[in-house]
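Understanding the architecture of this molecule
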Amino acid sequence: MVFLVLGIVLWSVVHLSVRLTPGVRQALIERVGHFPYQGLFSLPLILALVGMVAGWKAVGPGEPYYVLEEARLISMVLMALAACLFIASNAPTDIKRVVRHPQLVSVVLWSFAHLYSNGDARSLVLFGGLAFWAMLEIFVINRAEGDWKQPAPVGALKTTVSVAIGLLVFAVLLFIHPWLAGVALI
């Protein structure tokens, strides 16, 4: 459990440092350059992911809470929404006119979907920790950036394409989930 918690903490600290210490980030970029900075920024994130995966595998599943039978359907709907929001974060879409931080909201939905359908301690720590990080990140970004300025509309076609790609990504994730997580969903 220690590696799992340390991985989540490292992930959170590295991501939050961008907003909480902007001067340090800018000084590093000026000193080493943009692309080397991105590499340096990625190293602790890779270490965090390794810690989360190693911690996840080291902790056996338990049952700290009850999972409802409806959890599977609700989780699937949340995951489809999460995939669509994740794709929308890097695509021209009107979804960004409704959701200020689609990628972080997708992490929250992804986390809740997994919390809702998994009844073990390691899920509570991993998905609960990542949901907490994403919500904290949204708060920190909103505070740093101030009032939200909605982007200009891009139209229904681009939004529909973005949603279609998101649903395709969701379908692929359903198919490969047994190889990624060891659990068949379909």
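Let us look at the structure shown here. On a predicted model such as this, the values are computed, not experimentally measured, just so you know.

1. Remarks on the overall build of the protein chain
The helix and strand tally for the protein chain stands at seven helices and zero strands. In the protein chain, the order of α-helices and β-strands from amino to carboxyl end is α-α-α-α-α-α-α. Along the first, second and third principal axes, the C-alpha atoms of the protein chain reach 50 × 45 × 30 Å. Carbon together with sulfur atoms contributes 72% to the accessible area of the protein chain, which is approximately 11,200 Å² in total.

2. What to know about the pattern of salt bridges
Applying the stated rule across the entire model yields three salt bridges. Two residues, Glu 145 and Arg 100, come together in a salt bridge whose shortest N-O distance is 3.6 Å. Here Arg 100 lies in the loop between α4 (71-88) and α5 (102-117) and Glu 145 lies in helix α6 (residues 121-145), a separation of 45 residues in the sequence. Its relative accessible area of 42% is what places Glu 145 among the partly exposed residues. Among the salt bridges present, the one from Asp 120 reaches Arg 122, with a minimum N-O distance of 3.7 Å.

3. Considering a nonpolar patch on the surface
Taken together, the side chains of Leu 157, Val 161, Ile 165, Val 169, Leu 173 and Leu 180 make up a nonpolar region of the molecular surface, amounting to roughly 520 Å² of accessible area. Mapped onto the secondary structure, Ile 165 falls in helix α7 (residues 156-181). The class of Ile 165 is partly exposed, set by a relative accessible area of 39%.

4. Considering the packing of α4 against α7
Put simply, α4 and α7 touch, their axes get as near as 8 Å, and they point 125 degrees apart. In this view, α4 runs oblique relative to α7, as classed from their interaxial angle. Both α4 and α7 take part in a crossing whose hand is right-handed. Along the contact surface, α4 presents Met 76, Met 79, Ala 80, Ala 83, Cys 84, Ile 87 and Ala 88, while α7 presents Ser 162, Val 163, Ile 165, Gly 166, Leu 167, Val 169, Phe 170 and Leu 174. The class makeup of the residues in the contact of α4 with α7 is 13 nonpolar, two polar and no charged.

5. Comments concerning α7
Compared with an ideal rise of 1.5 Å per residue, which puts 26 residues at 38 Å, α7 spans 35 Å between its outermost C-alpha atoms and is within 8% of the ideal. Of all the bends in α7, the greatest reaches close to 50 degrees and is centred on Phe 175; the proline Pro 178 follows between one and four positions later. Considered for burial, the residues of α7 that qualify are Thr 159, Ser 162, Gly 166, Phe 170, Leu 174 and His 177. Looking at the packing, one finds that the buried side of α7 touches α4 and α5.

6. Details of the side chain of His 101
Structurally, His 101 can be placed in the loop between α4 and α5. Excluding residues within four positions of it along the chain, His 101 makes contact with Ile 138, Ile 141 and Asn 142.

7. Considerations on the nonpolar core
Ranked by internal contacts, the top residues of the largest apolar core, which has 23 residues, are Trp 11, Met 52, Leu 104, Leu 126, Trp 133 and Ala 134. Secondary-structure elements contributing two or more residues to this core are α1 (2-20), α3 (34-58), α5 and α6. With residues near it in sequence (within four places) discarded, Met 52 still touches Phe 3, Leu 4, Gly 7, Ile 8, Trp 11, Leu 126 and Leu 130. Core analysis: the second largest hydrophobic core is formed by 14 residues, Met 79, Leu 85, Ile 95 and Leu 109 among them.

Criteria and thresholds
Starting afresh in each chain, residues are numbered from 1 along the sequence in its written order. Owing to the predicted nature of the model, reporting of local features is limited to residues with pLDDT of at least 70; listing and counting of side-chain atom pairs is limited to 80 or more, with chain, interface and lining totals taken over all residues. Here the side-chain values reflect all heavy atoms present in the structure, with hydrogen atoms and water set aside. The secondary structure listing takes helices from DSSP runs of H or I that are at least 4 residues long and strands from runs of E that are at least 2 residues long, numbered from the N terminus. Each accessible area is a Shrake-Rupley result for a 1.4 Å probe, and residues are judged covered by the shown protein chains and nothing else. Any carboxyl oxygen of Asp or Glu that lies within 4 Å of a side-chain nitrogen of Lys or Arg is treated as forming a salt bridge with it. Remark: exposure states derive from per-residue accessible area (1.4 Å probe, protein chains only) relative to the maximum for the residue type, with buried under 20%, exposed over 50%, and partly exposed in between. Without a salt bridge and with relative accessible area above 30%, a residue can belong to a patch; like charges are then joined within 9 Å and nonpolar side chains (Val, Leu, Ile, Met, Phe, Trp, Tyr) within 5 Å. Here an angle of 0 to 180 degrees is reported between the N-to-C directions of two axes, which are lines fitted to C-alpha atoms, with helices fitted over the stretch in contact. The cut-offs work like this: below 35 degrees is roughly parallel, past 145 is roughly antiparallel, 65 to 115 is roughly perpendicular, and the gaps in between are oblique. Working rule for handedness: look at the near helix, and if it is turned counterclockwise from the far one by less than a right angle, call the crossing left-handed; if clockwise, right-handed. Here a residue-residue contact requires only that any non-hydrogen atoms of the pair lie within 4.5 Å. Here the term charged refers only to Asp, Glu, Lys and Arg, the term nonpolar to Ala, Val, Leu, Ile, Met, Phe, Trp, Tyr, Cys and Pro, and the term polar to all other amino acids, Gly among them. Multiply 1.5 Å by the residue count of a helix minus one, and that product is the helix's expected span. By definition, a residue's bend is the angle between the axes fitted to the seven residues ending there and the seven starting there. The nonpolar core is taken to be a set of buried Ala, Val, Leu, Ile, Met, Phe, Trp, Tyr and Cys residues, with the residues joined through side-chain atoms within 4.5 Å.

No statement about biological role is implied by the geometric values presented.
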